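# Residue-level structure breakdown
Each chain, written out:
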Amino acid sequence: MKITYHILLLTATLATTFACKKEEATPVVVPVQAQTVTNIAADTTTGVNPTTGQPLGTTGKYALYSLRENKVIANTDSASNKWDIGFRGTTIIVNGGPIRSGQGGAYVHTGTFEEVTTVPASATFAQDQSTSALAIPAVSGGGWYNYNSSTNIVTPIPGRVLVIKTGDGKYAKVEILSYYKNAPATPTATSRSRFYTFRYAYQPDGSMKLN
Amino acid sequence: MLAVLFLLSVHQLPAQLPDSSGAKQLDAVVVTATRTERRVGALPMPVTVIGQPQIRQSGSLRLNDILREQTGLAIVNDHGQGLQVQGFGPDYTLILVDGEPLVGRTAGTLELSRLTVGNIKQIEVVKGPSSSLYGSEALAGVVNIITENPGRTNSSLSARYGANRTSDLTGDVSLRAGKTGLYLFGNRYQSGGYNLNPETTGNTVSPFLNHTLSGRLTTAFGARLKLSVSGRFFTEQQDNLFSLTDRRVVSGEGTVRDYTINPVLTHQVSDKWKLTYRYYRTGYQTTTGLAYQDTREAYDDSYFRQTFDRAEIVTERTIRNRHFLTVGAGFIGESVEATRYPGRQRFTTRYGFSQFEWVPSQRFTIIAGGRFDAHSQYAAQLSPKLSARYEVSQTVALRGSAGVGFKAPDFRQLYLNFDNAVAGYSVFGTQEVSAGIARLQQQGQIAEILLDPSRFGDIKAESSVAVNLGAVADFQKKFDRPLRLSINLFRNDIRDLIETQVVARKTNGQNVFSYTNLSRVFTQGIELDGSYRAVLGAGQLTISSGYQFLEAKDKAVIDNIRRGQVFRRNPTTLLTERVQLADYGGLLNRSRHMANLKFFYELPKRGISASLRGVYRSRYGFADTNGNLILDEAGEYVPGYVTWHVTASKTIKAFTVQAGIDNLTGYTDPQHIPSLAGRLWYASLRWDWVRKLTNKQV
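Residues numbered from 1 in each chain as written. Chains lettered and ligands numbered in written order. Predicted model: local features only at pLDDT ≥ 70, side-chain atom pairs only at ≥ 80, totals over all residues.

Chain B is annotated in an unreviewed UniProt entry as TonB-dependent receptor from Fibrella forsythiae. What UniProt records for chain B under Sequence similarities (unreviewed entry) is the sentence "Belongs to the TonB-dependent receptor family." On record in UniProt, under Subcellular location (unreviewed entry), the comment for chain B is "Cell outer membrane". (UniProt positions renumbered as here; feature names shortened; annotations may be inferred.)

Per an unreviewed UniProt entry, chain A carries the name HmuY family protein and comes from Fibrella forsythiae.

Now the structure itself:
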């Protein structure tokens, strides 16, 4: 299930207004569309081994996602620049770095999704250097999520925007909204985990403008 | 011969201290605030006294029952029922029995229901830091339980039965022969537990049985040397049964045991000079043996053993009846052994303290004191305190105090060595983290070290600077009105709060944690108290009421909100918004408003007494639900509530019958307050016997 809607930002409108006053000939800026993607299965489990506590039924494979195509890319294409971002459990990977094939990268921005209007020229994109040194740190409190060890609930940290450089070198911003199936408002111990709901905005023209 | 003995014993009764105000309960004599006997009304710091009559009239059985009804005190649940004072968690209040500390805390909480109130003569609660006299843990305050002394020869027996198959059997006997007295006390307390969630396996509170035995032997050698030896033994068994998230059922027994032995030798060298030698040993141990019910495989098989030894010498000098000097020194040896700690850990503290009280006039008192604690594991600590009281008029007195309190890192924070096999993270105490990281590194489990593990060993004690300012108005003397009002404003600034800190990342994506001094928080508020006695028919009605306003917040969170760095997710739209300062609700588990209203009625001629008590807590934070780890949204609060308690009793000769209902309206909140059982009725019978002194004997 996918929901698409437009976000017309005040900043975008203002930018247009000022631009028009200055120079009448400037083409109208088309706002980048924000999309919400739900229930991307990120190597889901069938249960937990009661003695070891290890998850059962996992494949170890990432759900690879193309932001341009707005769909999951087959794992057979993992060694290409067709995908931009991948999900497996709480680990999020990007398509760039010594262990990837694309030109991608990412950094974690603190702020709201709407406030990320452009990628600053000074921004440095980290890449996936090794399985234990990822662009988006796969650790509670250090990347995109908090893990509560008493309730075993994974919560996306509000105000964390993943600014992404795609596999083919374009820019996008992603905000993870939920880690549980159907994005319940308050996940419980019985909620099914490893189902990503996120929203994103992708700039197809290769510019650093993200609104 | 016997007659002579009894005659002597009458004269040996502890001298009744002059009761100048005539309002008995209102101006009791306490020892906790200054370590010397002082009238509550004459002290420069806020002190609450709960006497035995109030405990009995309230139908209380355990310490938590009576403390929850006092102004500014809240009973909070975290691995047991603990005490919150001035917005501090249970680990910041020292619990003493006859001036000696109780040990055995689980995650910082000392389970208050371990203590029966049957042998309590008086409970003294001092608010504000008292580390200047008592050292570690006396940061928020001190609760001192004064137990019965062998007075004249008497005895009592009481039995009570109530809802949830709860029974209590208490007996004591006090014997006196000449200068020697013996007091013995026994209590058996049993409950069938209760279940607030019938749809799940097991009980909310599992059935348990506990026994308390205590006693004291007092004797005197000559007129100036007195010896008192007290002891206590407590044991509890609980039958646990509960289901895990994967529906497997776990059952087994848990035991708790503690003991104390406390000889005290008092040497009254002269009228103006007293020496006290005290030795105290206590031990606390728990065992848990839980197994899966289907396979009988072990689920949790653990133990915890702690000992605490203390030797102390205190000297008190009075100079020209205006200067009172108290100087003391002592040595503490502690040890702990537990499933999750490597080997047997020991640490020691050497300390010295001194307090100088100056009474330049009847209307003015000033007390200055301080204590120095040198510890074997963490930095030495100096805790000064200054307090003063001034009588503006016969009615109004002002009081103020400023002081420093501290809390030492606990065993867990120093020595824990724990790998969570299920979730994959590890936690090490500050003294274990270097070795723990080295071991994990050798096993190839460490992906990245984020902080130098060797610097964790320099952990400091948590400390707070506190100010208490207040006024007391007693309308008895001047206006002959049995009305007493008091107000206290408090502010505590706490720094170096110890919290978990990520030290390294593991290759499995989980963290290695240790403990470090991180947060700065403050608590501040106002406490109001009032009581009034009215004549109602042939009897007397005492009305008392109290209120506390409290704010307790994390300074770093406030700074981050100001900088616009704190966000929250709207639970329905899942969109992110910025948290405003007004949304921040402060630390979890703190009610902004707490209040109580109590009526005690007595009709002595007919032996009738009754009480009605209401306790209110406004909403308080339970947990973060919107992902920003702070309290900022209505759904993260436990709703506020009121509980009402009622008792009535009638005394006929040596027998007293009492009946009562706790939680009259049956308010429950199983999800958030499992310790609040529904409506509980009970009935008890008490028999008191006092050896009468006949004319012949006198």
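### A few points about the overall build of chain A
Counting its regular elements, chain A contains one helix and 14 strands. A burial count over chain A gives 39% of its 211 residues as buried. A fraction of 57% describes how many contacts in chain A between residues 6 or more apart in sequence connect residues 24 or more apart. (Helix = DSSP H or I, 4+ residues; strand = E, 2+ residues; numbered from the N terminus. Buried ≥ 20, exposed ≤ 12 C-beta atoms within 10 Å, placed from the backbone. Contact = placed C-beta atoms within 7 Å.)

### A look at the overall build of chain B
Regarding its fold elements, chain B presents eight helices and 38 strands. Here chain B has a C-alpha radius of gyration of 26 Å; the compact-globule value for 698 residues is 26 Å, and the two agree. Considering only C-alpha atoms, chain B reaches an extent of 85 × 55 × 50 Å along its principal axes. Pairs at least 24 apart in sequence give 61% of the contacts found in chain B among residues at least 6 apart. (Rg over C-alpha atoms; globule rule 2.2 N^0.38 Å.)

### With respect to helix α6 (residues 433–442) of chain B
Residue and element names in this part refer to chain B. Within α6, burial applies to Val433, Gly436 and Ile437. Seen from one end, α6 has its buried residues packed into an arc of 95°, which puts them on one side. Across α6 from its buried face, at more than 90 degrees, point the exposed residues Ala438 and Gln442. Summarising the contacts, the buried residues of α6 are in contact with β23 (417–419), β24 (426–428), β25 (446–449), β27 (483–506) and β28 (511–536). The positive-phi residue at the C-terminal boundary of α6 is Gly444, with phi of around 70°. (Arc of directions from axis to C-beta.)

### With respect to the environment of A:Gln203
Residues and elements named next belong to chain A. One can find Gln203 in strand β14 (residues 193–203). Gln203 sits in the partly exposed class, given 19 other C-beta atoms within 10 Å. Each C-alpha atom, one on Gln203 and one on Ala172, is 6.0 Å from the other, the two residues being 31 residues apart in sequence. With residues up to four places along the chain from it excluded, the contact list for Gln203 reads Val32, Lys170, Tyr171, Ala172, Lys209 and Leu210.

### Points about the interface of chain A and chain B
Facing 27 residues of chain A, the contacting portion of chain B comprises 27 residues. Listing elements by their share of the side of chain A that touches chain B, those giving two or more residues are β11 (153–156) and β13 (171–180) of chain A. Ranked by residue count, the leading element in the side of chain A that touches chain B is β13(A), at three residues.

### Here we look at the environment of B:Arg188
All names here are of chain B. Within the secondary structure, Arg188 is located in strand β12 (residues 180–191). We classify Arg188 as partly exposed; it has 16 C-beta atoms within 10 Å. Considering only alpha carbons, one finds Arg188 and Leu209, 21 residues apart in sequence, at a separation of 7.5 Å. The residues contacting Arg188, other than those within four sequence positions of it, are Leu169 and His211.

### Details of the sheet that holds strand β6 (residues 71–73) of chain A
Residue and element names in this part refer to chain A. As summarised here, the arrangement of the four strands in space is β6-β5-β7-β8, forming an open sheet in which the pairing is antiparallel. If you trace the sheet from one side to the other, it starts and ends with β6 and β8 (91–94), each paired once. Recorded for the sheet is a direction-independent mean angle of 35° between the axes of neighbouring strands. In this structure, strand β5 (residues 63–66) lies alongside β6, joined through three bridges in antiparallel fashion. Among the inter-strand pairings, Ser66 is bridged to a residue of β6, identified as Lys71. (Pairing = 2+ DSSP bridges. Axes fitted to C-alpha atoms, helices over the stretch in contact; angles between N-to-C directions.)

### What about the pairing of β28(B)?
Residues and elements named next belong to chain B. Summarising the sheet, β24 and β28 pair through two bridges and their orientation is parallel. For Val427, the partnering residue across the bridge sits in β28 and is Phe513. Two strands pair when backbone bridges link them, and β27 and β28 are joined in this way by 20 bridges, in the antiparallel orientation. Looking at β28, one finds that Asp493 is bridged to Phe522. Bridging between β28 and strand β29 (residues 539–554) involves 16 bridges; their strand directions are antiparallel. Bridge pairing in β29 links Val535 to Gln540. Counted between consecutive antiparallel strands, the loop separating β28 from β29 contains two residues, among which Gly537 sits at a positive phi close to 65°.

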